[in-house]
Amino acid sequence: TDLYAVIGNPIAHSKSPVIHTRFAEQTGERIEYRRLLAPVDGFADTVRAFVAAGGRGLNVTVPFKLEAYALADRLSPRASAAGAVNTLRFDADGIYGDNTDGVGLVGDIETNLRVELNGARVLLLGAGGAARGAVLPVLERGPCALTIVNRTAEKAQTLVEQFAQAAREAGCALSGGAPSTIEPIPYDVIVNATAGSLTAEVPECDERAFGPGTLAYDMMYGAQPTVFMRHAQALGARISDGLGMLVEQAAESFWVWRGVRPASAQVLAELRSMLG
Ligand code: ATR
């Protein structure tokens, strides 16, 4: 039996052990998956102790994704682009860091919600770690128009510059800046990657950006729809929270560790019913 865990602070409420235990049952992989609480100033030491105890991989959550990025000896291209790591794998030649959050988002939107990003007009709200991790996986779906806006406009502009080359290679139109650059025409997909939902705040966004053909996606999730989701629904949009993204990023991490791809639909349904 190989040992894995999710590391964070706090960690008690993480759903990752449930998800990965289901994945293991489903695929027949012999793994054990735990929760690992690290002191805020003790991430690297806690990781080293886990490796010494035979640990094979970690999921990394708040507030350690940047430290995990710094700790990795090798990085996947998507982790490099995100500047953050949510998946560590301990190999014979060192620590491999990956980031599965962005593909988790894309997988949920395309596979579960059945909205194609290729050819879509996409609006990304926010320019923090969560937003940055989504950019490359969205661009890699092929030609699209992606607009990134943020309350602090310079941070969105920095992302537009950082990903300009990747956008050109993918044939995507990439733009962004202040919320005032949002077009008053319904987008196909609007992703809320701001931390606004934590404080029940809706990020600034032209109401005309939402229409009946819009998927309004919040990376957050909970027992109730977020204020962003309620706002979008009132404007006629289709809505989703980020629970599917959580399950899809876990499935991708499982693949990174085991080379086996679990099915996510049943686990997502089970988590949904657990949320109440
Ligand atoms: P995360 O890792 O969750 O992305 P972060 O890196 O701290 O966290 O980024 C938080 C993002 O949410 C930022 O884009 C932030 O905007 P600023 O760059 O202007 O701070 C955004 N954000 C947080 N609260 C917000 C609010 N009430 N309205 C709009 N944007 C908000």
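Residues numbered from 1 in each chain as written. Predicted model: local features only at pLDDT ≥ 70, side-chain atom pairs only at ≥ 80, totals over all residues.

The name given to the protein in an unreviewed UniProt entry is Shikimate dehydrogenase (NADP(+)), and the organism recorded there is Trinickia dinghuensis. Among the UniProt annotations of the protein, the heading Pathway (unreviewed entry) holds the following wording: "Metabolic intermediate biosynthesis; chorismate biosynthesis; chorismate from D-erythrose 4-phosphate and phosphoenolpyruvate: step 4/7." Per UniProt, the protein carries the Sequence similarities (unreviewed entry) text "Belongs to the shikimate dehydrogenase family." (UniProt positions renumbered as here; feature names shortened; annotations may be inferred.)

K.L.:
Sorry, what's going on with the domain arrangement of the protein here?
P.N.:
In many reports, interface size means the accessible area that the parts give up when they come together. Here the protein is partitioned into domain 1 (2-99) and domain 2 (102-243). Taking only C-alpha atoms into account, the centre of domain 1 sits 27 Å from that of domain 2. With 7 residues of domain 1 at the contact, the number on the domain 2 side is 6 residues. Considering each element in turn, the side of domain 1 that touches domain 2 owes the most residues, 3 residues, to helix 4 (residues 77-82). Tallied by class, the residues present in the side of domain 1 that touches domain 2 amount to 3 nonpolar, 2 polar and 2 charged. (Domains from an automatic or database assignment. Contact = placed C-beta atoms within 7 Å. Helix = DSSP H or I, 4+ residues; strand = E, 2+ residues; numbered from the N terminus. Nonpolar A, V, L, I, M, F, W, Y, C, P; charged D, E, K, R; others polar.)

K.L.:
Which parts of the structure should I look at to understand the pairing of strand 7 (residues 121-125)?
P.N.:
One face of the sheet, then the other: side chains in a regular strand alternate in exactly this way. With 4 of its 5 residues buried, strand 7 lies for the most part within the structure. Inspection of the sheet shows strand 7 paired to strand 8 (residues 145-149) by 5 bridges, in the parallel sense. Following the sheet pairing, Leu 124 is matched in strand 8 by Ile 148. As defined by bridge partners, strand 7 adjoins strand 10 (residues 189-192) across 4 bridges and the pair is classed as parallel. The partner of Leu 123 across the bridge, within strand 10, is Ile 190. (Buried ≥ 20, exposed ≤ 12 C-beta atoms within 10 Å, placed from the backbone. Pairing = 2+ DSSP bridges.)

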